[in-house]
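# Observations on the three-dimensional arrangement
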Amino acid sequence: MYEILILALIGIDQLTKWLVRTNLAGAGTISVIGGFFNLTYLENRGAAFGLLQNMKVFFVAVALIVAIVGLVYIHKSKSKDKSRSKKDIRIARINRLAVSTIIGGAIGNLIDRLWLGYVVDFFDFRFIWSYVFNFADILVVVGTVVFCISMFMLGEDVD
């Protein structure tokens, strides 16, 4: 089940990036909500917020490690459900979903790095900040936040 979710999220990410590459590359910025939200084509060779430019090998290694560790976590966590309470099973499922989104985002950006040599970014909320990001970035951030909240607020241990 989680592998299907990961594949679907990767598919959505790659579809959005393909649409942006084919329709927005060369067009610069398209205002969607004037002064607040734009679609801006950007080739990011760094990490979040453009940090660590041109460190492709590092990012590939990190993404592969995240994917492998995440998949191991999902499968180990799933195997422990038989001995958990119903509450703990719900928390573990939330954690597995969160880890699945992190993996989907990491692999989505990994595909870009390997195939294109850069990550395609396009969501541009200039009113809030000056950084441009993509669907995979959202997956990684939301998955990480949900996982951390679940672990620290709900008391779930990392398996």
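Residues numbered from 1 in each chain as written. Predicted model: local features only at pLDDT ≥ 70, side-chain atom pairs only at ≥ 80, totals over all residues. Heavy atoms only, no water.

The next thing to look at is the confidence of the model for the chain. With 89% of its residues at a pLDDT of 70 or more, the chain has an overall mean of 87. For the chain, strand β1 (residues 29-33) is the element with the lowest average pLDDT, namely 85, and helix α1 (residues 2-23) is the one with the highest, namely 96. (pLDDT = per-residue confidence, 0-100. Helix = DSSP H or I, 4+ residues; strand = E, 2+ residues; numbered from the N terminus.)

This next bit is on the sheet that holds β1. Strand order in this open sheet of four strands is β1-β2-β3-β4, and the pairing throughout is antiparallel. Two strands lie at the open edges of the sheet, namely β1 and β4 (132-133), each paired on one side alone. As paired strands, strand β2 (residues 37-44) and strand β3 (residues 119-124) are joined by five bridges and run antiparallel to one another. Within β3, the residue paired with N38 across the bridge is D124. Along the sheet face, helix α4 (residues 135-153) touches β3 and β4 and points at about 80° away from the line of β3. (Pairing = 2+ DSSP bridges. Contact = heavy atoms within 4.5 Å. Axes fitted to C-alpha atoms, helices over the stretch in contact; angles between N-to-C directions.)

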